[in-house]
Amino acid sequence: MAGTEHLTVRREGATLVLTLDRPQARNALSLPMLVGLYDGWTEADRDDTVRSIVLTGAGGAFCAGMDLKALAGDGMTGEEYRDRIEADPDLHWKAMLRHHRPRKPVVAAVEGPCVAGGTEILQGTDIRVAAESATFGLFEVRRGLFPIGGSTVRLPRQIPRTHALEMLLTGRAYSAAEAAAVGLVGHVVPDGTALARALEIADRINACGPLAVEAVKASVYETADLAETDGLAAELARGWPVFDTADAKEGARAFAEKRPPVFRRA
């Protein structure tokens, strides 16, 4: 798959690596970047040889949010992408994972600033690795803006409400250690190694049964807001069919034969 002006795409085995690539602007969101992200999520779901996705940024930054110069009227590069946005007014929200969830697990590898829209995109990822000097925060209120990428809904469901409200209402920056302490990220690693750790995690995911992985991810999100009884019923409906797959039989056979399983999405 080809990338766009501000987003590069490459394969690492069964992992699709999407790199926000506008380092001179700390990877602030642009039209080409949003279109590339949407195309990346879509292609990963369509391509059965992709088992996981890693999202990262170039030049020692993850994402500094929306391009505020463009918001102030200074224009934004990528005029050729405007037709895509106009054809699908929801495309930018899907790109930011606001209300779009890829089937494949998404691992974030964060170096440097991951603020404003960067922290909002982060909340749409499944597993998060941060470098020690990474910074996080939702700065919108400091500029008289609203974090409309989903944070007032998702953040209190992902971290304790008191921490979510402090982050949302003060607009202050958080260190990687603080982000890990409140549960916003799961791993803090030495600077320069976030991508390597994310790829290690993706490789472990890739070694598992893809149908099982996708069903587990779907079940976690589908049942998140259900009462326990309803959630358990939904889990059974999602999980039982996995046991009838050829991959499930292959997993049991490989265990008995003491060899790595060869899963075929069947």
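Residues numbered from 1 in each chain as written. Predicted model: local features only at pLDDT ≥ 70, side-chain atom pairs only at ≥ 80, totals over all residues. Heavy atoms only, no water.

What to know about the confidence of the model for the protein chain
On average, residues of the protein chain carry a pLDDT of 93, and 94% of them reach 70 or more. In this model residues 71-75 is a low-confidence stretch, pLDDT under 50, and it forms four contacts with partners more than four residues away in sequence or in other chains. (pLDDT = per-residue confidence, 0-100. Contact = heavy atoms within 4.5 Å.)

Focus on unusual backbone geometry
Located in the positive-phi region is Ala-116, a residue other than glycine, with phi close to 50°. Within the element layout of this structure, Ala-116 appears in the loop between strand E5 (113-115) and helix H5 (117-122). Judged by its relative accessible area of 7%, Ala-116 is buried. (Helix = DSSP H or I, 4+ residues; strand = E, 2+ residues; numbered from the N terminus. Buried < 20%, exposed > 50% of the residue type's maximum accessible area, 1.4 Å probe, protein only.)

Some details on the packing of helix H10 (residues 210-222) against helix H11 (residues 228-243)
Where H10 meets H11, the closest approach of the two axes is 9 Å, and the angle between their N-to-C directions is 180°. By the angle between their directions, the pair H10 and H11 is classed as roughly antiparallel. Residues Leu-211, Ala-212, Ala-215, Ala-218, Ser-219 and Glu-222 of H10 form the contact with H11, whose own contacting residues are Glu-235, Arg-238 and Val-242. Considered class by class, the residues forming the contact of H10 with H11 number five nonpolar, one polar and three charged. (Axes fitted to C-alpha atoms, helices over the stretch in contact; angles between N-to-C directions. Parallel < 35°, antiparallel > 145°, perpendicular 65-115°, else oblique. Nonpolar A, V, L, I, M, F, W, Y, C, P; charged D, E, K, R; others polar.)

Regarding the nonpolar core
Counting 47 residues, the largest nonpolar core has Leu-18, Leu-37, Val-110, Phe-136 and Leu-184 as the members making the most contacts within it. The leading source of residues in this core is helix H1 (residues 31-46), at eight residues. Not counting the four nearest positions on each side in its chain, Val-110 is found in contact with Phe-62, Leu-122, Val-129, Ala-130, Ala-131, Ala-134, Phe-136 and Ala-194. Counting residues in hydrophobic clusters, the runner-up holds 13 residues, among them Val-129, Ala-194, Ala-198 and Val-213. (Core = buried A, V, L, I, M, F, W, Y, C linked by side-chain atoms within 4.5 Å.)

Re the sheet that holds strand E7 (residues 135-137)
Across the sheet, which stays open at both edges, the three strands sit in the order E5-E7-E8 with mixed pairing between neighbours. Across the chains shown, the open sheet's two edge strands, defined by having one partner strand only, are E5 and strand E8 (174-175). (Pairing = 2+ DSSP bridges.)

Let's talk about the sheet that holds strand E4 (residues 106-110)
Reading across from one edge, E1-E2-E3-E4-E6-E9 is the order of the six strands in this open sheet, with mixed pairing throughout. Edge strands, defined here as strands with exactly one partner in the open sheet, are strand E1 (7-12) and strand E9 (187-189). If you compare each strand with its neighbour and ignore which way they point, the axes differ by 20° on average. Examined bridge by bridge, E1 and strand E2 (residues 15-20) share six bridges and lie antiparallel to one another. Its bridge partner being in E2, Arg-11 is matched across the sheet by Leu-16.

A few points about the pairing of strand E6 (residues 127-131)
Of all five residues that make up E6, four are buried, and the element is covered over most of its length. Sheet topology places E6 next to E9; three bridges connect them, and they run parallel. Residue pairing in the sheet places Ala-130 in a bridge with Val-188 of E9.

Topic: the environment of Tyr-81
Along the polypeptide, Tyr-81 turns up in the loop between helix H2 (68-74) and helix H3 (82-87). With relative accessibility at 16%, the residue Tyr-81 sits in the buried group. Those residues in contact with Tyr-81 that lie beyond four places of it in its chain are Thr-4, Glu-5, Leu-31, Pro-32 and Val-35.

Things to note about the pattern of salt bridges
Scanning all chains against the criterion turns up 18 salt bridges. Among the salt bridges present, the one from Glu-166 reaches Arg-172, with a minimum N-O distance of 3.3 Å. Accessibility expressed as a relative area gives 34% for Glu-166, which makes it partly exposed. On the basis of relative accessibility, which here comes to 29%, the residue Arg-172 falls in the partly exposed class. (Salt bridge = Lys/Arg side-chain N within 4 Å of Asp/Glu carboxyl O.)

Description of the pairing of strand E3 (residues 52-57)
For E3, a buried count of six out of six residues is recorded, marking the element as mostly surrounded by other parts of the structure. In E3, alternate side chains face the same way, and those of Ser-52, Val-54 and Thr-56 on one face and Ile-53, Leu-55 and Gly-57 on the other are all buried. Across three bridges, the pairing between E3 and E4 is parallel. The partner of Ile-53 across the bridge, within E4, is Val-106.

Re empty space enclosed by the protein
Empty space among the atoms can be located by rolling a probe the size of a water molecule over them. With the rule as written, the count across this model stands at one cavity of 30 Å³ or more. Around the largest cavity, the lining residues are Val-50, Arg-51, Lys-104, Ile-205, Cys-208, Pro-210, Val-213, Glu-214 and Arg-265. In terms of residue count, the dominant contributor to the lining of the largest cavity is H10 (three residues). Within the lining of the largest cavity, the residues separate by chemical class into five nonpolar, no polar and four charged. (1 Å grid on protein atoms, 1.4 Å probe; cavity = no way out; pocket = protein on both sides within 12 Å on 5 of 7 lines; lining within 4 Å. Points joined across faces, edges and corners; volume = space filled by probe spheres on them.)

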